[in-house]
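A closer look at the structure
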Amino acid sequence: MDPTIKDFESASAELEAIVKKMEEGDLTLEKALELYERGVQLSRFCHAKLEEAERRLEILNERGELRPAHAAMGLTPSDESGKAR
Amino acid sequence: MPGLFDEPFEDVPRPRDETAPVRARRRVLTVSDVTAEIRTALESGFGELWIEGEISNCRVWNTGHVYFTLKDPTAQLKAVMFRTAYRYLKFKIEDGLHVVARGRLSVYEPKGEYQLVCEHLEPHGRGALQLAFEQLKRKLHAEGLFAADRKRPIPALPRKIGIVTSLDGAALRDILKILSRRHPNAHIVVRPVRVQGEGAAEDIAKALKAIASVPGVDVIIVGRGGGSIEDLWAFNEESLARTIAACPVPVISAVGHEVDVTIADFVADLRAPTPSAAAEMVVTAKEEFHARIDRLHGRLQAAMRSDVQRRRNVLHVLTSRRGLAGWHVRVAMQGRHVSELTHGLRRATTALIARRAREHQARAARLEARDVRRGLAAIRARLAAAETRLHVVAGRAHERAAARFTALAGRLDTLSPLAVLARGYAVCWTEDRTAIIRQASAVAPGDLVRVTLHEGEIDCEVRSAHGSDH
């Protein structure tokens with residue numbers, strides 16, 4: 001992915017700013033095209049970012065070790081209720 | 001307190017018995033002895049007491065012991081609370097506090113003062129915890145720990161969500177349920193911790209620090225389910241409040257039910273009324289995000305489309321104006337203008353040279369006629385020079401004109417009639433090349449004619465001539 005796009009947060013904020021700027025108009029054609037292109041990139045990035053992470057549940061124990069929750073708690077990651085014991 | 005002093009002390013003789021003659025029977029006590037006996041009498045005579053009063057002159061010594069005076073409108077009682085007892089007090093002793101103290105009377109022998117050794121204090125008319133809560137709230141508020149400008153924003157899409165709570169509680173179950181519904185692919189790190197009982201606040205603080213240092217954790221939910229004020233007490237402890245305030249990652253507090261408000265809620269970056277609410281706050285539903293980005297994308301495209309449309313309109317307006325309409329016609333006309341100019345220039349140049357030559361001849365004639373002897377040679381020389389210059393000037397003018405003409409002619413080449421020759425046509429002249437022969441009737445057999453071809457000319461003799469229209 002584009003290294004100039006940091007995270008979802010800044011990407012969606014930048015996209016918002018670009019849309020505002022373009023809606024105000026008053027840009028050169030080059031600038032408008034440049035912004036549009038950037039905007040499309042950002043919106044793609046955001047959609048991708050939303051789907052990117054996979055559901056994970058980890059337990060940080062007293063010793064500072066991260067363990068998958070199902071191993072630590074006897075849960076499966078699909079255990080929606082997060083059954084406590 | 002009747003009885004205490006009425007009862008004779010066993011080993012003390014009657015001091016007032018002046019009549020006793022035997023001096024040897026008189027028992028003299030040291031100050032220490034009597035003080036010790038008073039002390040014993042006080043300690044055993046009174047036992048445990050509950051005393052209501054107002055605190056004044058309260059001082060915490062660096063030993064950790066607290067000295068104060070209990071008073072009411074007409075009396076005062078000195079009191080001390082040793083560090084070992086004071087440690088268990090939830091609130092802080094303050095002057096003006098109306099309290100009920102539990103303790104025993106004793107004597108501070110070096111000073112001969114009796115005092116209450118206080119084992120426990122309760123605020124009068126309200127709970128100790130309530131008071132402690134109010135005191136800490138006031139203190140931290142004064143330090144600015146609750147200030148709105150200290151609150152950090154919760155990231156819109158956290159990379160990892162940290163949760164500090166009990167593994168057994170309903171809070172965790174509720175949070176996980178909401179998270180998995182709203183954002184199925186969230187990454188969650190749980191740090192299990194004891195949330196009530198002695199030392200729970202310190203454990204929670206430790207857990208907060210640990211989870212804040214896990215790479216990627218950019219928001220932490222700390223909390224527990226509902227309970228009594230004692231159950232929730234850890235979240236009202238100063239140590240935890242300070243840890244939350246100092247946490248490098250934004251913290252959402254989620255303690256108990258909607259009505260339960262703790263100190264942790266005040267220092268946290270965001271207070272959630274319940275653990276479930278915290279989960280809802282921490283993740284905007286994924287679908288909502290997609291929709292938001294889609295809306296922005298739609299607006300982006302609309303803006304681009306309208307931008308292009310606007311430019312198209314502007315272009316249309318410009319090209320339909322007189323200035324640009326039929327520009328190609330104007331270009332063609334411009335070409336014709338150039339060729340006319342060229343002809344004019346050529347004619348003008350020739351005329352100029354002819355005029356100058358005539359003037360020159362006239363001058364020369366005049367000079368000769370005047371027969372000027374003196375300076376004739378000089379005049380002749382000037383004349384010669386002028387003549388040369390004239391030629392040079394005229395020549396240059398002509399050259400320039402010719403050069404321009406050649407350039408223009410080159411551009412106009414396609415229009416030139418001579419260009420036709422290249423396509424195989426020929427021009428037929430009279431022998432002296434003064435006129436072009438256009439009709440057969442202009443010549444008779446035996447006449448000589450000259451024919452110009454694309455390259456070179458040929459002399460020809462007419463053998464016969466046939467009229468085309470006769």
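Conventions used here
- Residues numbered from 1 in each chain as written.
- Chains lettered and ligands numbered in written order.
- Predicted model: local features only at pLDDT ≥ 70, side-chain atom pairs only at ≥ 80, totals over all residues.
- Helix = DSSP H or I, 4+ residues; strand = E, 2+ residues; numbered from the N terminus.
- Buried ≥ 20, exposed ≤ 12 C-beta atoms within 10 Å, placed from the backbone.
- Contact = placed C-beta atoms within 7 Å.
- Arc of directions from axis to C-beta.
- Pairing = 2+ DSSP bridges.
- Axes fitted to C-alpha atoms, helices over the stretch in contact; angles between N-to-C directions.
- Left-handed = near helix turned anticlockwise from the far one by under 90°.
- pLDDT = per-residue confidence, 0-100.
- Right-handed = clockwise from strand over helix to strand, strands pointing away.

Let's talk about the overall build of chain A
- The secondary structure content of chain A amounts to 3 helices and 2 strands.
- If you list the helices and strands of chain A from N to C, you get α-α-β-β-α.
- Relative to its full complement of 85 residues, chain A shows a buried share of 28%.
- Within chain A, residue pairs in contact and separated by at least 24 positions form 34% of the contacts whose partners lie at least 6 positions apart.

Here's the deal with helix 8 (residues 275-282) of chain B
Residue and element names in this part refer to chain B.
- For helix 8, every residue scored as buried is listed here: Pro-275, Ala-278, Ala-279 and Val-282. For helix 8, the arc enclosing every buried residue in end-on projection is 100 degrees, short of the 170-degree limit, so these residues lie on one face.
- Lining the buried residues of helix 8 we find strand 6 (160-165), helix 4 (170-182), strand 8 (217-224) and strand 9 (251-255).

Observations concerning the interface of chain A and chain B
- Counting from both sides, the interface comprises 35 residues of chain A and, opposite them, 34 residues of chain B.
- Listed by contribution, the elements that provide at least two residues to the side of chain A that touches chain B are helix 1 (8-24), helix 2 (29-52), strand 1 (56-60) and helix 3 (69-73) of chain A.
- Of the strand pairs in this sheet, strand 1 of chain A and strand 7 (residues 187-192) of chain B are connected by 4 bridges, and their pairing is parallel. What sits directly across from Leu-57 of chain A, in strand 7 of chain B, is Ile-188 of chain B.

Describing the packing of helix 1 of chain A against helix 2 of chain A
Residues and elements named next belong to chain A.
- Their axes nearest at 9 Å, the elements helix 1 and helix 2 cross at an angle of 145 degrees. With respect to the hand of their crossing, helix 1 and helix 2 are arranged in left-handed fashion. Of helix 2, the residues touching helix 1 (which contributes Phe-8, Ala-11, Ser-12, Glu-14, Leu-15, Ile-18, Val-19, Lys-21 and Met-22) are Ala-32, Leu-35, Tyr-36, Arg-38, Gly-39, Leu-42, Ser-43, Phe-45, Cys-46 and Lys-49.

Some points on the environment of His-454 of chain B
All names here are of chain B.
- Along the polypeptide, His-454 turns up in the loop between strand 12 (448-452) and strand 13 (457-461).
- Here His-454 falls in the partly exposed class, since 13 other C-beta atoms lie within 10 Å of it.
- C-alpha separation for the pair His-454 and Tyr-425, spaced 29 residues apart in sequence, amounts to 7.7 Å.
- Other than its neighbours up to four places away in sequence, His-454 contacts Leu-421 and Ala-422.

Comments concerning the confidence of the model for chain A
- For chain A, mean pLDDT is 76; residues scoring 70 or higher make up 78% of the total.
- Considering only residues more than four positions removed or in separate chains, one finds that residues 74-85 of chain A, a stretch of pLDDT under 50, has 23 contacts.

Focus: the confidence of the model for chain B
- When the pLDDT values of chain B are averaged, the result is 82; 78% of them are 70 or greater.
- The ipTM for the predicted assembly is 0.71, set against a pTM of 0.54.

Topic: the pairing of strand 7 of chain B
Residue and element names in this part refer to chain B.
- Across the 6 residues that make up strand 7, a large majority, 5, are buried.
- Inspection of the sheet shows strand 6 paired to strand 7 by 5 bridges, in the parallel sense. Within strand 7, the residue paired with Thr-165 across the bridge is Pro-192.
- In this region the chain leaves strand 6, passes through helix 4 and returns to the parallel neighbour strand 7; the handedness of that crossover is right-handed.

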